Amino acid sequence: VCSRAVWQPMAFVYIYNVLQVSNAAWREFLRSILGFTDIQLNTLLIVAYVLLYLGVLTYKYYFIQWSWRSIYVLTTCINGVLSALQVLLIQGITFGLSPFLFALGDDVFADFIAGIQFLPTTIMMVHLCPTGSEGASYAMFTTVNNSALNLASAISTMLLSIW
């Protein structure tokens, strides 16, 4: 951890994940304002998990030769566009699609992007592990990664008071 080659990528992953502040009230908006049923919400969840897996496969078969920096830049840009689509859904601008189909496009594809980002992050973490302490090092790296996601969720919840 003392080596710059270790803490710098870890810091990038941590800061990147902390800045991925999601909308904590999004599911409630879909349920109460748009009237999504439990079946529709569960369908969104199932499709999101399937696309997460397809994102991992997409990276494995198509993006494996790309640098992880290029992957992060591309997927961050796409994620920005998809986040803007949520604003359109809130405004009721769905281009003739039902709100459910539009939510499939903007909400669920974020998990596809997360799947694409998963493997480069994991591969980077594996390469950072020193010989002889791979298990402890990988556990520390994944803890840093997951704690950033939890902090981003907490920040998202705190930001709800703005509205």
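See the structure shown above.
All residue numbers refer to position in the chain's written sequence, counted from 1. Note on the predicted model: pLDDT of at least 70 is required for a residue's local features to be given, and 80 or more for side-chain atom pairs to be given and counted; whole-chain, interface and lining totals, by contrast, use all residues. Based on all heavy atoms of the structure, the side-chain values leave hydrogens and waters out of the count.

Most peptide bonds are trans, and most residues other than glycine sit at a negative phi. Phi is positive for Phe95, which is not a glycine, with a value near 55°. With respect to the element layout, Phe95 can be found in the loop between helix H4 (68-91) and helix H5 (99-128). Helix numbers and strand numbers start at the N terminus; a helix is a DSSP run of H or I with at least 4 residues, a strand a run of E with at least 2.

Quick look at the pattern of salt bridges now. Within this document, salt bridges are pairs made up of a side-chain nitrogen of Lys or Arg and a carboxyl oxygen of Asp or Glu, the two lying within 4 Å of each other. Summed over the entire model, instances satisfying the criterion amount to one salt bridge. With its nearest N and O atoms 2.7 Å apart, the salt bridge here joins Arg31 to Asp38. Here the term buried applies to any residue with accessible area under 20% of the maximum for its type, exposed to any over 50%, and partly exposed to those in between, with areas from a 1.4 Å probe on protein chains only. Here Arg31 falls in the partly exposed class, since its relative accessible area comes to 38%. When its relative accessible area of 46% is taken as the criterion, Asp38 is described as partly exposed.

Here we take up the side chain of Thr94. In this structure, Thr94 sits in the loop between H4 and H5. Residue contacts follow a heavy-atom distance rule, with two residues in contact if any of their heavy atoms lie within 4.5 Å. The contacts of Thr94, once residues within four sequence positions are left out, are Leu89, Pro99 and Phe102.

Here the aromatic set is Phe, Tyr and Trp, taking the six-membered ring for Trp, and pairing holds for ring centres within 6.5 Å; pairs whose planes are under 30 degrees apart are stacked, those over 60 apart are edge-to-face, and all others are tilted. Enumeration according to the criterion identifies ten aromatic pairs in this entry. Centre to centre, the rings of Phe63 and Trp66 are 4.7 Å apart; their planes meet at 70°, and the pair counts as edge-to-face. On the basis of relative accessibility, which here comes to 16%, the residue Phe63 falls in the buried class. Classification of Trp66 by relative accessible area gives partly exposed; the value is 39%. Note on Phe109 and Phe112: the rings are 6.3 Å apart at their centroids and 75° apart in plane angle, and the pair reads as edge-to-face. Of the two residues, Phe109 and Phe112 both sit in helix H5, three residues apart, roughly one turn of that helix. By way of ring pairs, the aromatic residues Phe12, Tyr16, Trp68 and Tyr72 are connected into one cluster.

Turning next to H5. To estimate the expected span of a helix, subtract one from its residue number and multiply by 1.5 Å. Its 30 residues place the ends of H5 44 Å apart at the C-alpha level, agreeing with the 44 Å of an ideal helix rising 1.5 Å per residue. The reported bend at a residue is simply the angle between two axes, fitted to the 7 residues ending at it and to the 7 residues beginning with it. Within H5, the axis deviates most sharply at Val108, by approximately 30°.

Taken N-terminus to C-terminus, the directions of H5 and helix H6 (residues 134-159) make an angle of 140°; their axes are 9 Å apart at the nearest point. On the basis of the axis angle, H5 is oblique to H6. Crossing geometry of H5 relative to H6 is assigned as right-handed. Residue-level contacts link Thr122, Met125, Val126 and Leu128 of H5 to Tyr138, Phe141, Thr142 and Asn145 of H6. Residue polarity is assigned by list, with Asp, Glu, Lys and Arg as charged and Ala, Val, Leu, Ile, Met, Phe, Trp, Tyr, Cys and Pro as nonpolar; anything else, Gly included, falls into the polar class. The residue inventory of the contact of H5 with H6, partitioned by class, reads five nonpolar, three polar and no charged. To obtain each axis, a line is fitted to C-alpha atoms, and for helices this fit is confined to the stretch in contact; angles are then taken between N-to-C directions over 0 to 180 degrees. In what follows, roughly perpendicular refers to angles from 65 to 115 degrees, roughly parallel to angles under 35, roughly antiparallel to angles over 145, and oblique to any angle outside these ranges. A clockwise turn of the near helix away from the far one marks a right-handed crossing, whereas an anticlockwise turn of less than a right angle marks a left-handed crossing.

With that settled, the discussion passes to the packing of H4 against H5. In contact at an axis separation of 10 Å, H4 and H5 are set at 160° when each is read in the N-to-C sense. In terms of their interaxial angle, H4 and H5 are classed as roughly antiparallel. Here H4 and H5 pass one another in a crossing that is left-handed. Of the residues in the contact of H4 with H5, the class split is 17 nonpolar, seven polar and two charged.

These results come straight from atomic positions and should not be treated as a statement about function.
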